[in-house]
Structure formats: structure tokens, C-alpha cells
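# Structural characterization, general
Okay, here's what each chain looks like letter by letter:
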Amino acid sequence: MSTPEPQRTAPLSVLVGTLAGLKNAIFPAAAAAFGTGLGGMGLYIGIGVGLLIAVVGGVASYISWRRLSYTIGASDIRVESGVLSRAARSVPYERIQDVSLEQKLIPRLLGLVAVKFETGAGGGEDLSLTYLTEESGEELRQLVRERRDAQDEIAPDAETGVPSPAREPEAEGEPIFAMGTGRLFQFGLFEFSLAVFAVLLGLLQYADTFIDFEIWDPDLWQGVLEEQGSTISALGPYAQIASAIGGLIALFVVGSATGMIRVFTREWDFLLERTARGFRRRRGLFTKTDVVMPIHRVQALKIGTRLIRYRFGWHNLKFVSLAQDAGSSSHDVAPFAKMDEIRTVVETAGFHLPSENADWHRASEAYRTDSMIVDSLFFVIAAIVAGTVLGIFNPDWFLLVVAILLGLAALSAGAALYSWQFKRHSLDDTQIMARAGIMSPSSQIATRTKLHSAEVAQGPIARWRGYATLHLGLAGGEFAIPGIPFERAREVRREVLETIAATDFSELETG
Amino acid sequence: MEINASEPIVPAASALVDDDAELTQLHPNYRSALRVQATLTSIPFIIGAFVLEGALQGESPLPFGVLIGVVVFLALVFIIRLPSRRYAARGYQISTDRLRVVRGILWRSDTVVPFGRVQHIDVDQGPIDRFFDIATLTLHTAGSHNASVYLPGLGHELATEMREEIRAHIKRESM
């Protein structure tokens with residue numbers, strides 16, 4: 001193998017950098033223009049400042065492009081960068097877990113991708129190359145995988161850098177879950193969100209500092225209300241009801257539209273495939289992402305749902321994975337699916353859903369009683385305090401306040417009682433499963449062999465009442481089963497440990 | 001103080017971890033180390049009590065010495081009683097393929113780490129630990145919960161022996 005040549009990223013990256021600089025220039029330019037008065041000169045000064053910043057940004061991004069080079073070596077990939085100070089980072093192929101491609105809007109228009117190498121290092125200290133052309137990005141991804149596999153398979157030859165026999169470019173995987181426009185529309189309906197109002201409110205507050213419009217001035221609003229109020233009351237009761245309904249409909253439309261837009265931009269063209277190396281997920285309208293999750297790195301599954309969509313049989317599926325990359329969103333493998341579709345994905349990942357006759361165990365009854373007491377305790381104490389204070393100072397309100405607080409106490413006790421019905425866990429030959437949630441049940445499924453430790457924890461009350469929380473060490477996630485009888489906790493731990501101890505960690509990774 | 005108390009020998013490694021079996025006690029020096037730590041922690045509070053009492057002299061509704069008395073009493077409980085309780089509550093079991101660590105007076109925790117899941121092992125000694133010739137053995141796992149399992153208060157020699165044993169086990173299984 002010839003000595004590897006340092007390579008540069010795509011020249012168009014300079015343009016992306018310049019455009020980003022331009023975006024940053026808009027605000028100072030506007031500030032300069034307004035600051036010097038909008039008359040003739042101010043505008044020119046503003047444009048001048050904007051241009052200057054854009055040019056400086058462009059030159060800077062050109063220089064940093066010139067100074068950044070990457071080398072695809074025999075055993076590692078190296079990136080050297082820095083204008084004044086030089087930084088060189090080397091990542092050995094065998095430490096690269098996933099290679100993902102990401103396209104934001106502007107790079108996408110220019111046909112560029114950001115290539116990210118995930119190493120599992122904490123704190124976002126991963127290697128990324130911005131930007132390569134689409135083909136060279138895909139090529140690099142392919143190459144890194146081949147090198148990685150070569151290292152895995154012919155480790156002794158790694159020194160000489162003998163490449164593995166040339167592999168076919170990755171065949172198109174077998175699609176296992178996709179979401180078309182119809183599905184996205186349905187999904188959007190359930191993603192009702194009022195976030196847009198929060199944003200509007202924020203903008204108003206922001207505008208407040210710029211525009212001479214006293215948004216928090218009560219007089220202004222009182223004026224508006226009185227004006228509107230008198231207009232509305234002039235319309236008579238039917239019109240008042242109609243306008244209230246109209247307002248609710250508007251709220252609903254805006255909320256649904258927000259959800260719809262969010263779903264469509266995030267999940268557009270959602271495609272999950274089973275490829276030779278694992279799962280590959282592509283999605284996104286403006287920012288396109290392409291993520292590969294090796295199958296053996298899936299540690300556990302989480303199946304969740306929400307209150308309303310659950311009534312219509314919709315669920316979501318997430319993987320718990322070792323890669324501590326861009327948060328949980330990158331492990332969304334089926335954000336909105338029927339149970340049948342989830343079953344397919346789950347089985348492809350080598351797990352199985354709990355069978356009909358699974359051996360479910362509930363949390364202990366002492367735990368149920370205690371959590372009812374503990375959950376309602378806050379309101380009971382509040383009722384006692386408020387009752388004493390009001391009884392002395394203002395007996396008129398005594399009954400109402402105490403009744404409301406006691407009602408809340410009863411409600412939380414009831415919720416604790418009801419949720420206990422749904423809290424259960426089950427252990428079978430290969431998996432451990434736990435379920436919780438009243439209105440929208442969520443389940444977690446973990447493979448017994450992929451657990452790392454087991455802890456039985458008890459607080460003072462739990463010790464006195466004979467139950468415990470079982471914490472299982474799961475890479476990249478948490479798995480705890482609260483409130484199970486102490487003996488059962490020990491029994492589950494014993495069984496799980498038997499399975500764990502039978503396989504070594506190193507066998508897990510190559511599996 | 002029995003700094004050179006006879007080391008507990010490495011427990012019979014063939015024994016299986018049994019939930020009901022007797023736990024192995026930590027090194028007796030650990031109790032003394034806990035006391036020294038508690039003393040060091042209490043000193044600022046006692047000094048604070050003296051300063052406060054001095055500053056409030058004549059103006060305080062309480063008779064002289066009450067504040068100091070309460071703080072000193074609490075400190076004594078903290079120094080004498082608590083370390084014994086904590087020492088008694090802690091223990092461990094080691095078998096051929098796993099380590100069990102038990103701790104906590106009120107909040108009990110009972111953790112088992114199989115050697116096959118250990119990523120790396122630390123043996124740490126702080127200045128107090130070095131004086132008492134004890135050490136903390138830490139097992140790191142890949143799990144998010146219990147990413148590091150600490151076992152303090154082992155004799156230093158025992159801790160290094162245990163480390164070697166666990167390491168040998170990891171190596172054997174990976175080959």
C-alpha cells in the first residue's frame with residue numbers, strides 16, 4: 001500500500017463557511033445601519049460593515065479550509081487542522097463505532113455532507129469532517145467500514161496494512177419500516193403542540209426591548225380588553241359563544257399545523273433498513289440524516305406511547321445504544337407505528353415482544369400502600385397547615401380550601417393505586433421486561449446478557465416493609481424496577497447474574 | 001490503633017456468592033480512617049460554634065455554652081457512633097466470577113458485579129488511607145447505573161491481590 005496522501009475537504013465548504021458568516025453579518029450590519037441613523041449615510045455604513053464581516057468570514061473559512069487535511073491511513077484516520085496552532089487527531093478504525101452522514105439545508109443545496117465518526121468517547125469529543133461531496137462522503141464511509149472489518153478479521157496483518165479483499169459496495173438494505181406521506185399526516189395530527197405560542201410570546205418580549213410598545217403595561221391590555229369586550233358584549237350571547245368556539249378552533253388549527261410542520265420536516269422520507277452491518281435510518285426534509293446502528297450495539301428497547309395516540313393503537317420504538325451521540329433522537333427507529341410493525345423491527349433487532357403467557361410479576365402490595373400514602377402526604381400536610389392557619393385567621397375559607405386539598409390527596413392516592421395495576425415485570429430465558437404507566441403504558445426490554453451489574457437497593461421504609469428496587473446496569477440507559485418484593489428482587493438478580501457471568505464482555509461486542 | 005493488625009486473608013475464592021451468607025468484613029483500620037475523616041469534617045463546625053458563641057456573648061438568649069455543647073455532642077456522635085455503624089453496615093463477598101458489595105445504614109444497597117463485565121479496575125489510596133494502609137478498590141462497568149462500584153476499606157495488599165485476581169479472570173475469559 002502506498003503512503004496515504006493527506007486530502008482536503010470539498011472546496012465548496014468555503015462557500016458554506018462564507019454563507020454562515022454572512023448570516024452572522026446580518027445583525028451587526030443592521031445594527032450599524034440603524035445606529036448611524038437610517039438616512040443616506042447609515043445605510044451605506046451598514047452595507048459596508050456587513051460586507052466587511054462577510055469578506056473576513058470568507059477569508060477565514062478559506063484559510064481554515066486550506067489548513068485542514070485528513071489522511072486515511074492503514075490503521076487510523078487523522079485530521080490535522082488549525083490556522084495558527086495545529087491540532088492533529090487520530091482515531092483508530094477499530095474504535096470507530098458508527099459513521100453517520102448529515103446534511104443541513106445549505107450544504108444539501110450544494111451537494112455536500114458532514115461525515116461524523118462516532119467513537120463512543122464522552123462529551124461530544126468525536127471526529128467530524130465538514131464538508132465532503134456526497135460521493136466522497138459515501139465512499140469514505142464505505143472505506144472506513146472495510147478497514148474496520150479488515151482490522152477485526154485479520155488483526156495480525158493490521159501492521160502491514162494489507163487491505164481486505166475488496167468488498168462489494170453495500171447492497172441496498174431490506175426496508176423494514178418506512179413512513180409515507182399518509183402516515184406522516186396522521187402522526188402530525190397527534191403531535192399537537194402549542195410551542196408556537198411560547199415562541200410568539202418570546203418574540204414579543206424580544207420586540208419589547210426594540211419597539212416602543214409596552215407589552216407588560218397593564219393599562220394597554222386593559223384598554224384592549226375593554227375595547228374588545230365592549231365590542232363582543234355588544235354582539236349578544238350567541239356571538240360571544242361563537243367567538244369563543246372560533247378562538248378554540250383557531251388554537252387547535254395553529255397547534256395542529258405546528259405539529260404537522262415539525263413532523264414533516266423531521267420525519268420526511270423516513271426509512272429504516274436492515275443492512276449487512278445493522279440498521280440504517282434516513283429521514284429529514286431540510287436536514288437530512290443518515291445513521292447506521294450496528295445491530296450488536298443495541299442494548300435494550302423502549303416502547304412508549306402517548307395518551308391519545310395509544311387509544312388509536314400507535315406506539316413508538318427506540319433503541320438504547322452504546323453510542324452516546326446526538327442524544328436520544330438518533331435512536332428513534334419507529335417514531336409512530338402499529339404494534340405489528342414494531343414487532344418486525346423488534347425481531348430484526350434480535351429481541352422479542354413478551355409472549356401472551358409471559359410470567360408477569362407485580363410490584364409488592366406494601367409498595368402500593370406506601371406509595372399511596374407518600375403521594376398523598378404532600379396534600380394532606382398542606383391541608384393540615386392551611387386548615388390550621390385559616391381556622392384561626394379566616395374561617396370562611398376553611399371548608400373550601402381543606403376540601404380541595406383533601407380531594408387532591410385522594411386523587412393522588414387513587415392515581416398511585418391505579419398505576420400499581422400496570423407496574424409489572426417479567427423475566428424469561430433471554431430477556432427482562434418491565435412495564436409502567438397508567439394512561440400511556442411504556443415498556444422496556446433488555447437482553448439478560450447485555451446487563452453489566454445488578455443492585456438491590458432499599459430505603460428505610462422499603463426495608464421495614466420488605467420491598468426493594470432492582471437497578472440493572474445497562475450501557476447507555478437506565479433500567480430500574482421499583483417496589484418488587486425483596487425475595488423476588490434477589491431471585492431476579494440471581495438469575496440475571498447467572499446469565500451475565502456466563503459470557504464475557506468481549507464476546508458481546510463482536511456478537 | 002491497630003495499624004498493623006493482621007490482614008484478613010483473601011477469602012476462599014471458590015465460594016459462591018450467596019445472598020444469605022455472612023459478608024466479609026472490611027479491614028478494622030477502615031473504622032479508624034472513617035473516624036479521622038469525621039473528625040476533620042467536624043473541626044470547622046466546632047470552631048464555628050466557638051466563634052458564634054464568642055460573638056453573641058451577652059446578647060444571646062441562651063446561657064453560655066449551650067451552642068458549643070450541642071455542636072460538640074453532635075460531633076461526638078458523628079465521630080464515635082456513626083463510623084462504627086457504617087463499618088458494620090458495609091461488607092463484601094467475592095467469588096470466582098463476581099463481587100458483591102453491600103453498604104448503607106438507612107439506604108441499603110447491595111450490588112453484584114460479574115467480573116466478565118468489568119472494564120477497568122482502580123486501586124486508590126488517599127493520605128488517610130495510606131496512613132492506615134488501606135485502599136479503595138473500584139470496578140468500572142459499561143452500565144450507566146453503577147458505572148463505578150467502590151469498595152473502600154480493604155487492606156492495601158488485599159486490594160491489589162483482588163485486583164490481580166479480577167484482572168486475571170478478565171484476561172482468561174477474553175482469550
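Residues numbered from 1 in each chain as written. Chains lettered and ligands numbered in written order. Predicted model: local features only at pLDDT ≥ 70, side-chain atom pairs only at ≥ 80, totals over all residues. Heavy atoms only, no water.

Another aspect to go through is the overall build of chain B. The secondary structure content of chain B amounts to four helices and six strands. Going from N to C terminus, chain B has its helices and strands arranged as α-α-β-β-β-β-α-β-β-α. Considering only intrachain contacts with a sequence separation of at least 6, the fraction spanning at least 24 residues in chain B is 55%. For chain B, the accessible area works out to roughly 9,500 Å², and carbon and sulfur atoms hold 62% of it. (Helix = DSSP H or I, 4+ residues; strand = E, 2+ residues; numbered from the N terminus. Contact = heavy atoms within 4.5 Å. Areas by Shrake-Rupley, 256 points an atom, 1.4 Å probe, with all protein chains shown as cover.)

The next subject is the side chain of Ser453 of chain A. Assignment of secondary structure puts Ser453 of chain A in strand β19 (residues 451-458). Ser453 of chain A gets classed as buried once you look at its relative accessible area, which sits at 0%. (Buried < 20%, exposed > 50% of the residue type's maximum accessible area, 1.4 Å probe, protein only.)

Turning next to the packing of aromatic side chains. All names here are of chain A. Under the criterion given, the structure shown has twelve aromatic pairs over all chains. When the ring of Phe187 is compared with that of Phe336, the centres are 4.6 Å apart and the planes differ by 10°; the resulting orientation is stacked. Taken as a pair, Phe187 in helix α5 (residues 181-190) and Phe336 in strand β14 (residues 332-337) lie far apart in primary sequence, 149 residues in all. Both residues of the pair, Phe187 and Phe336, count as buried. Their ring planes at 75° and their centres at 5.3 Å tell us that Tyr367 and Tyr467 sit as a pair that is edge-to-face. In this pair, Tyr367 is assigned in helix α11 (residues 365-393) and Tyr467 in strand β20 (residues 467-474), connecting sequence segments 100 residues apart. Both residues of the pair, Tyr367 and Tyr467, belong to the buried class. Clustering of aromatic rings is evident, with ring pairs tying together Phe187, Phe190, Phe312, Trp314 and Phe336. Lying over the aromatic face of Trp464, Arg465 brings its terminal NZ or CZ to 5.9 Å of the ring centre. (Phe/Tyr/Trp six-rings, centres within 6.5 Å; stacked < 30°, edge-to-face > 60°. Lys NZ or Arg CZ within 6 Å of the ring centre and 35° of its normal.)

A few words on unusual backbone geometry. Note the cis peptide between Thr130 of chain A and Tyr131 of chain A, where omega equals -10°. With respect to the element layout, Tyr131 of chain A can be found in strand β7 (residues 127-133). Of note, the phi angle at Asp133 of chain B is positive, near 55°, even though the residue is not glycine. Within the element layout of this structure, Asp133 of chain B appears in the loop between α3 (127-132) and β5 (134-141). Of the residues examined, Asp133 of chain B reaches a relative accessible area of 34% and is grouped as partly exposed. One non-glycine residue with positive phi stands out, namely Asn146 of chain B, at about 55°. Examined against the element boundaries, Asn146 of chain B turns out to sit in the loop between β5 and β6 (148-155).

Now for the environment of Asn146 of chain B. Exposure remark for Asn146 of chain B: the relative accessible area of 13% places this residue in the buried category. Here the alpha-carbon distance between Asn146 of chain B and Val112 of chain B, two residues 34 residues apart in the chain, equals 9.8 Å. If near-sequence neighbours (up to four positions away) are discounted, Asn146 of chain B is found in contact with Ser453 and Glu455 of chain A together with Thr111 and Thr141 of chain B. A polar side-chain atom of Asn146 of chain B sits 2.9 Å from a polar atom in the side chain of Glu455 of chain A. (Polar contact = N/O pair within 3.5 Å; in protein donor to acceptor, adjacent residues only side chain to side chain.)

All names here are of chain A. UniProt feature "transmembrane region" (unreviewed entry): in the numbering of this structure it lies at residues 41-63, 187-207, 241-264, 372-392 and 398-418. With 100% helix and 0% strand, residues 372-392 has end C-alpha atoms that lie 30 Å from one another. The span residues 398-418 is 100% helix and 0% strand, and its two end C-alpha atoms sit 30 Å from each other. (UniProt positions renumbered as here; feature names shortened; annotations may be inferred.)

A separate point is the sheet that holds strand β11 (residues 288-294) of chain A. All names here are of chain A. One open sheet accounts for seven strands, arranged β7-β6-β5-β11-β10-β9-β8; its pairing is antiparallel. The sheet terminates laterally at β7 and β8 (174-179), the two strands that pair on one side only. Neighbour to neighbour, the strand axes of the sheet diverge by 20° on average, direction disregarded. Contacts between helix α10 (residues 339-348) and the sheet are confined to β8, β9 (270-275) and β10 (278-283), with β8 contributing the most and set at about 145° to the helix. (Pairing = 2+ DSSP bridges. Axes fitted to C-alpha atoms, helices over the stretch in contact; angles between N-to-C directions.)

Let us now look at the nonpolar core. Of all hydrophobic cores here, the largest spans 31 residues; its most connected members are Phe177, Leu272, Phe279, Leu301, Leu317, Phe319 and Val345 of chain A. Residue contributions to this core peak at four residues, all from β14 of chain A. For this core, the domains that each give at least three residues are domain 2 (176-180 + 269-348) and domain 3 (195-266) of chain A. The residues touching Val345 of chain A, leaving out its near neighbours within four places in the chain, are Phe177, Leu272, Phe279, Leu317, Phe319 and Val333 of chain A. With 28 residues, the next largest nonpolar core counts Leu26, Tyr87, Leu151 and Leu154 of chain B among its residues. (Core = buried A, V, L, I, M, F, W, Y, C linked by side-chain atoms within 4.5 Å. Domains from an automatic or database assignment.)

At the interface, 33 residues of chain A touch 26 residues of chain B. Buried area between chain A and chain B, summed over both chains or domains, comes out near 2,500 Å², and the portion from carbon and sulfur atoms is 42%. A salt bridge links Arg493 of chain A to Asp110 of chain B, with the nearest nitrogen and oxygen atoms 2.7 Å apart. At the junction of chain A and chain B, the tally comes to eleven residue pairs in polar contact (both at pLDDT 80 or more). (Buried area = accessible area lost by both parts, 1.4 Å probe. Salt bridge = Lys/Arg side-chain N within 4 Å of Asp/Glu carboxyl O.)

Turning to the pairing of strand β12 (residues 298-304) of chain A, a few remarks are in order. Residues and elements named next belong to chain A. Counting buried positions over the seven residues of β12 gives six, a clear majority of the element. Pairing geometry for β12 and strand β13 (residues 315-321), over six bridges, is antiparallel. Across the sheet, the residue bridging to Leu301 is Phe319, located in β13.

Moving on, we come to α11 of chain A. All names here are of chain A. For α11, built from 29 residues, the straight-helix expectation of 42 Å at 1.5 Å per residue is met to within 8% by its first-to-last C-alpha distance of 42 Å. Where α11 bends most, the angle comes to about 45°, and this point is Leu377. Every buried residue of α11 is listed here: Ala366, Tyr367, Asp370, Ser371, Ser376, Ala383, Ala386, Gly387 and Leu390. (Expected span 1.5 Å × (residues − 1). Bend = angle between axes of the 7 residues up to and from the residue.)

All names here are of chain B. Per the UniProt record, the feature "transmembrane region" (unreviewed entry) sits at residues 38-56 and 62-80. The span residues 38-56 is 95% helical and 0% strand by assignment, and the distance between its end C-alpha atoms comes to 27 Å. Counted over residues 62-80, helix gives 79% and strand 0%. Its end C-alpha atoms are 27 Å apart.

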